[in-house]
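Okay, here's what each chain looks like letter by letter:
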Amino acid sequence: MSAQRPEIIRRVSAPDIAARKGKQPVVCLTAYTAPIAAILDEHCDLLLVGDSVGMVVHGLPNTVGVTLEMMILHGQAVMRAAKRAMVVVDMPFGSYEGAPEVAYANAARIMKETGAQGVKVESGPTVPATIDYMVKRGIPVMGHVGLRPQAVLVDGSFKAKGRTDEERARVLEEARATEAAGAFCIVVEGVAEALAREVTAAVGVPTIGIGASAGCDGQILVTDDMLGLFDWTPKFVRRYADLKGEIAAAAKAYADDVRARTFPGDAETYFSKKP
Ligand code: KIV
């Protein structure tokens, strides 16, 4: 008996995403868990295990407290379920901003322990040298410019970037340096449309916007935001569902049934076999 060749589903790769520039929009969403990754997989080109997991899932006030271990655990869960989309794991605050050798070791650990196809870093002034170091050693890297959530304690808030000439020039320079260092695409977060278009025209890899207008090559949203799990979301989020309302209604219906002793009913009960 000969073994049957298993069906091979080719996963989207970093070069596939890079080749989309100027051709086809890149569709990205965040994913932190296996069931959500399984649902999103067929609809997205790229799933980001974002460090937003710290705020969205773990209730942290910002992403500064997110650890490498948290990112690895969520990366593993997403990789078990996503079969087609490229999976990228965010490098958390403190894991890549120092020596490139340390950043490389942490990124390699993420790649080995999760099986993900790349990492994302926020491209502050010292980071392009690290991106270059990692890419040359085999790690696909996604950059992130504009509003950098991991810098919130320096910036003081999650405010949009690029409103002054100085800030505009800085974002543009960081995007150019990120591309030159070898990033396969660049998240552009929280910038006005004119700057998003300028960055997109200035770099040869796809820009992935979040709160950065339709002027980018692709888009990403935090999935829990667009599913309507929170009362408040930023202006740039479009809500495609009201999961908070649906979950609350389901929880109330369940509680009512338990209190009225109508759950469980016969359909949800095991009975012993008749002798
Ligand atoms: O952590 C995250 O979810 C992100 C996206 C918002 C781009 O970085």
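This is a predicted model, so every value here is computed, not measured. (Residues numbered from 1 in each chain as written. Predicted model: local features only at pLDDT ≥ 70, side-chain atom pairs only at ≥ 80, totals over all residues. Heavy atoms only, no water.)

Asks: Go over the site of the ligand with me, naming the residues and quoting the values.
Replies: Lining the immediate environment of the ligand, one finds Thr30, Leu48, Gly50, Asp51, Ser52, Asp90, Lys120, His144, Val187 and Ile210. Taking Ser52, its side chain carries an N or O atom lying 2.5 Å from an oxygen atom of the ligand. Separating an oxygen atom of the ligand from a side-chain N or O atom of Asp90 is a distance of 3.1 Å. Here the ligand, which alone exposes 260 Å², has 96% of that area covered by the protein. Of the pockets mapped on this structure, the ligand occupies the largest pocket. (Near = heavy atom within 4 Å. Polar contact = N/O pair within 3.5 Å; in protein donor to acceptor, adjacent residues only side chain to side chain. Areas by Shrake-Rupley, 256 points an atom, 1.4 Å probe, with all protein chains shown as cover. 1 Å grid on protein atoms, 1.4 Å probe; cavity = no way out; pocket = protein on both sides within 12 Å on 5 of 7 lines; lining within 4 Å. Sits in = over half its atoms within 2 Å of the grid points.)

Asks: Could you give me a rundown of the layout of surface pockets, with the residues and numbers involved?
Replies: Space inside the largest pocket adds up to approximately 810 Å³. Lining the largest pocket are 30 residues; nearest its centre among them are Glu189, Ile210, Asp225, Pro234 and Phe236. The set of elements that each furnish at least two residues to the lining of the largest pocket consists of helix H3 (53-56) and strand S6 (185-189). The residue makeup of the lining of the largest pocket, split by class, is 15 nonpolar, 7 polar and 8 charged. As a volume, the second largest pocket reaches approximately 230 Å³. Among the elements of the structure, strand S7 (207-210) and strand S8 (218-221) are those that each provide at least two residues to the lining of the second largest pocket. Ranked by residues supplied to the lining of the second largest pocket, first place goes to S8 with 3 residues. (Points joined across faces, edges and corners; volume = space filled by probe spheres on them. Helix = DSSP H or I, 4+ residues; strand = E, 2+ residues; numbered from the N terminus. Nonpolar A, V, L, I, M, F, W, Y, C, P; charged D, E, K, R; others polar.)

Asks: I'd like to hear about the sheet that holds strand S3 (residues 86-90), residue by residue, with values.
Replies: With respect to topology, 8 strands assemble into a closed barrel ordered S1-S2-S3-S4-S5-S6-S7-S8, the strand pairing being parallel. Across the sheet, the axes of successive neighbouring strands diverge by a mean angle of 25°, strand direction being ignored. By the bridge criterion, 4 bridges tie S6 to S7 in an arrangement that is parallel. For Ile186, the partnering residue across the bridge sits in S7 and is Thr207. In the packing of helix H5 (residues 100-114) onto the sheet, the strands contacted are S3 and strand S4 (118-120), and the crossing angle to S4 comes to about 130°. Those strands touched by helix H8 (residues 165-180) are strand S5 (141-146) and S6, and its axis lies near 170° from that of S5. (Pairing = 2+ DSSP bridges. Axes fitted to C-alpha atoms, helices over the stretch in contact; angles between N-to-C directions. Contact = heavy atoms within 4.5 Å.)

Asks: Lay out helix H9 (residues 193-202) with the relevant residues and their values.
Replies: Two residues of an α-helix separated by three or four positions point the same way, owing to the 3.6 residues in each turn. Among all positions of H9, only Leu195, Ala196, Val199 and Thr200 are buried. Buried residues of H9, seen end-on, are gathered within an arc of 135° and therefore sit on one face of the element. In H9, those exposed residues whose orientation departs by more than 90 degrees from the buried face are Ala194 and Ala201. Of the surrounding elements, those touching the buried residues of H9 are H8, S6 and S7. (Buried < 20%, exposed > 50% of the residue type's maximum accessible area, 1.4 Å probe, protein only. Arc of directions from axis to C-beta.)

Asks: Kindly report on a nonpolar patch on the surface, identifying the contributing residues and their values.
Replies: A cluster of nonpolar side chains, contributed by Tyr254, Val258 and Phe263, occupies part of the molecular surface with about 280 Å² of accessible area. As for its placement among the helices and strands, Val258 is situated in helix H11 (residues 243-259). We classify Val258 as partly exposed; its relative accessible area is 37%. (Patch = residues over 30% accessible without salt bridge, like charges linked within 9 Å, V, L, I, M, F, W, Y side chains within 5 Å. Salt bridge = Lys/Arg side-chain N within 4 Å of Asp/Glu carboxyl O.)

Asks: So what's going on with the side chain of Asn62? Which residues, and what values?
Replies: Counting through the fold element by element, Asn62 comes out in the loop between H3 and helix H4 (68-81). Discounting residues that sit within four places of it in the chain, Asn62 has contacts with Met55, Val152, Leu153 and Phe158.

Asks: Explain the domain arrangement of the protein to me, and be specific about the residues and the numbers.
Replies: One can read the domain layout of the protein as domain 1 (14-239) and domain 2 (242-270). Spacing between the C-alpha centres of domain 1 and domain 2 amounts to 38 Å. Contacts between the two partners involve 4 residues from domain 1 and, on the opposite side, 4 residues from domain 2. At the surface where domain 1 touches domain 2, the tally comes to 1 salt bridge. Note that Asp231 is salt-bridged to Lys244, the shortest N-O span being 2.6 Å. Put simply, domain 1 and domain 2 have 3 residue pairs in polar contact (both at pLDDT 80 or more) between them. Its residues assigned to classes, the side of domain 1 that touches domain 2 shows 2 nonpolar, 1 polar and 1 charged. (Domains from an automatic or database assignment.)

Asks: Pulling in residues and values, what's your account of the pairing of S8?
Replies: Inspection of the sheet shows strand S1 (residues 26-30) paired to S8 by 4 bridges, in the parallel sense. By the bridge assignment, Val26 is partnered in S8 with Gly218. With 2 bridges joining them, S7 and S8 adopt parallel strand pairing. Within S8, the residue paired with Ile208 across the bridge is Gly218.

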